[in-house]
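Listed here are the chains, written in short residue letters.
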Amino acid sequence: MDKLTTMKTFLAVVQEGSFSKAADKLDISPQLVSKYISALEDNLHTRLLHRTTRKVSVTEAGNQYYQRCQQVLVDIEDMENSLNNLSENVSGMLSISAPMSFGTKHLAGLLVDFQKQYPNLKLDLRLTDQYVDIVEQGIDIALRIGVLKNSTLIAKKIAPIHLAVFASPDYLKHHGTPQTLLDLQSHNYLRYSLSEPTKRLFGVNELKSELKLESNFVANNGDLLLNTAIAGGGIAMQPTFIAGEALAQGKVVRILQDYEPDPMGLYMVYANRQFLPSKVRAFVDFASDFYGDTPYWDLGE
């Protein structure tokens, strides 16, 4: 039995979490998936998967085999690709995870230009604001925003990310413009539920427990918070890649600039491999200088 086929089948089962989903992904029958996995385990004399009626999970040996399989298949892909010239050998499927708002607003141009240079490469873009384990989910590259924690992954900064505090002119006309952090306590703060950026405001640490913001509106999407601020619902703090156009058009007004936090970063994150797949290397090289030190969304104010 073809070892590469059984390895690819095993990877699909682990990544999809079931034989049926792996079969759909590979466009083969679940019975054939089961046959391949059984043959693989018989050949290795090792159980790789725990099977129940509800789920499939990897054994300790299966996890080790999974990690090695990934690298073997990457090495084979690189070996095959190296026989052609650079633009022709960057092929296959490149999976990318990115934050929802950034992806919808600012990734299309990058991805279109990238595919013009590498027309044989297909892209699988997955937008989510939740943390994604790229190794576990088999994703090639993740775009992440923030101050990254130490990990075994490689992270390359490709753009600064500034946070702005803002409200609509109408809201400030009726409720006044806060001049200090403590002034915020008399306003309605539109809160982003997946993090609490007010903790990063300059000077907030000195206030300790004194800064208690009232909020009657919580959402997990920055675009919605911006639109709520535009409609006069309160004061928000969001990245300028979300609010930059509205700020430039005067739909919202930037306030408390002396208290804005230090810039964060937009990073490309990918697995720490000795031999990086050519498709990942091509994207990293292409995207590194795409946005520049001052991204276009910060030029309109």
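Refer to the preceding data block for the structure.
Here is what the cut-offs are and how they apply
- Residues numbered from 1 in each chain as written.
- Predicted model: local features only at pLDDT ≥ 70, side-chain atom pairs only at ≥ 80, totals over all residues.
- Heavy atoms only, no water.
- Axes fitted to C-alpha atoms, helices over the stretch in contact; angles between N-to-C directions.
- Helix = DSSP H or I, 4+ residues; strand = E, 2+ residues; numbered from the N terminus.
- Parallel < 35°, antiparallel > 145°, perpendicular 65-115°, else oblique.
- Left-handed = near helix turned anticlockwise from the far one by under 90°.
- Contact = heavy atoms within 4.5 Å.
- Nonpolar A, V, L, I, M, F, W, Y, C, P; charged D, E, K, R; others polar.
- Pairing = 2+ DSSP bridges.

## Looking at the packing of helix α11 (residues 222–230) against helix α12 (residues 240–248)
Then step 1. At a minimum axis distance of 10 Å, the contact between α11 and α12 shows a crossing angle of 25°. Judged on the interaxial angle alone, α12 and α11 are roughly parallel. Of the two possible hands of crossing, α11 and α12 adopt the one that is right-handed. Along the contact surface, α11 presents Gly222, Asp223, Leu226 and Ile230, while α12 presents Ile242, Ala243 and Ala246.
Then step 2. Tallied by class, the residues present in the contact of α11 with α12 amount to 5 nonpolar, 1 polar and 1 charged.

## Considerations on the side chain of glutamate 41
Then step 1. With respect to the secondary-structure elements, glutamate 41 resides in helix α3 (residues 30–44).
Then step 2. Glutamate 41 has contacts with Thr46, Arg47, Leu48, Leu49 and Arg51, leaving out every residue within four places of it along the chain.

## Some points on the sheet that holds strand β11 (residues 253–255)
Then step 1. Here we have 5 strands laid out as an open sheet, ordered β9-β8-β10-β7-β11, and mixed in their pairing. Two strands bound the open sheet, and with one partner strand each, they are β9 (214–219) and β11. Going across the sheet, the axis of each strand differs from the next one's by a mean of 40°, ignoring polarity.
Then step 2. As judged from the 4 bridges shared by strand β8 (residues 188–192) and β9, these two strands associate in the parallel manner.

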